[in-house]
Amino acid sequence: MSSTVSAELPDPIAKGLLPEGFRDRLPPRAEAAVNLEQAMMAAIRPHGYERVAPPLAEFEESLVTRLAGAETQDLLRLIDPLSQRTIALRPDMTAQVGRIAATRLGHRPRPLRLAYAGPVLRVRKPQVGATREALQLGAELIGSDHVRAVEEILTIALEALAATGAKDISVDLTLPSLVGELAEGPWPVADLPAVRNALDGKDHAQLRAAGGTAYAPLIEAAGPAGEALAALRSANMGEAFCARLDAAERLAATASRFGSVSLDPTERLGFEYQTWAGFSLYAGGAPAEIGRGGTYTIRHPDGHEEAAAGFSLYVDPLVEAGLGIGASRRIFLPLGTADGIAQRLRTEGWVAVAALFEEDSPEANACTYIWDGEARPL
Ligand SMILES: N[C@@H](Cc1c[nH]c[nH+]1)C(=O)O
């Protein structure tokens, strides 16, 4: 967190008063979070994404089984006294949107474009400094994971981020399913988990020991997108993977309109259910990742699977970067201010605080103007 922000904003976490990782959003953070949510949703809506509002909790199994590849995660579970079944608080809204798309909106033509915003809750903190309760918002395009669908999703995510006033935007691209597909195709290995671990640590010696020497070029091919893609192209993955690299190049080109782009083809942390494409978004001054997205697969009740692409953005890191704090002009109206003045000023965009008692003061109400027949700066 930058020093200017921490000087302006009181400490977000009330230690000991709330469980670890939970917070009260105080002024001006609470308002900033709402402003940022509105700015981002306003950027998403004109692309045709209709809002859905799934519930805060639902049956555990539907949260964990809806998306193919999603690992059983730690969920905050409770027994519902009414149904006597285990329900869980949502850690992420994408699976809920997947459930809605596969069931109640299963009859709607594809692609189906849905947007959402609301709190999510994780049992563990995802990153240093991050909270367990987060305000998540996003958009999901259901019915395709074509590169064009991902280009649309990535563009909207970045437009939404830019709409908050965020500066120094950067995008990390990843290819979450690449290693698994190479293992099933041109580069077979005996112990895939060991190879994945070595790639996570970018550890050449461990990679050799795991029998994954063929994968060494993937460690080198991480960095600025242009160079990383060139390195991947010379890694001899075979014809079948050329189209994948062309697609990654298109995504890099899309993202480069908004900021700097890097590629790490083996990054998988936080991409448990994403398939061929994944991305993380960052902005200057924000202490944590702002969002993530990519392609994934929804399981329908009849067993068939449907491709989708989407993104989620998290509001709190942007608040920590000092964004969303509206510069409202606050005016103090002393006792006896004529009727109608307050209302007029408020419709003109002022925050007008009316005195209740003689001893009320502009200072105590954080006002920088006072009304004395006109708005006078203090
Ligand atoms: N919900 C995912 C991101 C995502 C949305 N759609 C696809 N992926 C997350 O927050 O990490």
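As a reminder, the structure under discussion sits directly above these lines.
What counts, and where the lines are drawn
Residues numbered from 1 in each chain as written. Predicted model: local features only at pLDDT ≥ 70, side-chain atom pairs only at ≥ 80, totals over all residues. Heavy atoms only, no water. Helix = DSSP H or I, 4+ residues; strand = E, 2+ residues; numbered from the N terminus. Buried < 20%, exposed > 50% of the residue type's maximum accessible area, 1.4 Å probe, protein only. Contact = heavy atoms within 4.5 Å. Areas by Shrake-Rupley, 256 points an atom, 1.4 Å probe, with all protein chains shown as cover. Lys, Arg positive; Asp, Glu negative; His and termini not counted. Charge placed at Lys NZ, Arg CZ, Asp CG, Glu CD. Axes fitted to C-alpha atoms, helices over the stretch in contact; angles between N-to-C directions. Parallel < 35°, antiparallel > 145°, perpendicular 65-115°, else oblique. Nonpolar A, V, L, I, M, F, W, Y, C, P; charged D, E, K, R; others polar. Pairing = 2+ DSSP bridges. Near = heavy atom within 4 Å. Polar contact = N/O pair within 3.5 Å; in protein donor to acceptor, adjacent residues only side chain to side chain. Arc of directions from axis to C-beta.

Enquirer: Please clarify how the overall build of the protein chain should be interpreted in this entry.
Expert: Of regular secondary structure, the protein chain possesses 13 helices and 16 strands. Counting only C-alpha atoms, the protein chain reaches 85 × 50 × 45 Å along its principal axes. Put simply, the protein chain has 378 residues, and 47% of those count as buried. Long-range pairs, those at least 24 residues apart, make up 66% of the contacts in the protein chain with a sequence separation of at least 6. A total accessible area of about 18200 Å² is found for the protein chain, and carbon and sulfur atoms account for 53% of it. The positive charge centre, built from 36 side chains, and the negative charge centre, built from 49, are 3 Å apart in the protein chain.

Enquirer: Would you take a moment to explain the packing of helix H10 (residues 225-233) against helix H11 (residues 242-256) for this structure?
Expert: Helix packing geometry: the angle between the two helix axes and the distance between the axes. Where H10 contacts H11, the two axes come as close as 11 Å, and the packing angle between them is 175 degrees. One finds that H10 runs roughly antiparallel with respect to H11. Counting all contacts with H10, which are made through Ala225, Leu229, Leu232 and Arg233, the residues of H11 involved are Cys242, Leu245, Asp246, Ala248, Glu249 and Ala252. Partitioned by chemical class, the residues of the contact of H10 with H11 number seven nonpolar, no polar and three charged.

Enquirer: In this structure, what is going on with the sheet that holds strand S4 (residues 86-89)? I would like to understand it.
Expert: To summarise the sheet geometry, strands pair through backbone hydrogen bonds and adopt either a parallel or an antiparallel arrangement. The strand order across the open sheet built from three strands is S2-S4-S3, with neighbouring strands paired in antiparallel fashion. In this open sheet, the two strands that pair with only one neighbour each are strand S2 (57-59) and strand S3 (77-79). Strand-to-strand twist in this sheet, taken as the mean axis angle between neighbours without regard to direction, amounts to 35 degrees. The pairing of S3 with S4 spans three bridges and is classified as antiparallel. Bridge pairing links Ile79 to Thr86 in S4.

Enquirer: Looking at this model, I keep getting lost on the site of the ligand. Mind explaining?
Expert: Around the ligand sit 14 residues in total, of which Asp92, Thr94, Arg292, Ser312 and Tyr314 are the nearest. At 2.7 Å from a nitrogen atom of the ligand is found a side-chain nitrogen or oxygen belonging to Asp92. Coverage of the ligand by the protein chains reaches 97% of its 300 Å² of free accessible surface. Put simply, the parts of the chain that give the shell around the ligand at least two residues each are strand S6 (133-142), strand S11 (291-299) and strand S12 (305-314). In terms of residue class, the shell around the ligand is made up of four nonpolar, seven polar and three charged.

Enquirer: In this structure, what is going on with helix H7 (residues 192-200)? I would like to understand it.
Expert: Every α-helix winds through 3.6 residues per turn, so residues three or four apart in the chain are directed the same way. Inspection of H7 places Val195, Ala198 and Leu199 among the buried residues, and these make up the whole buried set. All buried residues of H7 project into a common sector of 100 degrees when viewed along the axis, lining one side. Once H7 ends, the next one or two residues include Lys202, with phi positive near 50 degrees.

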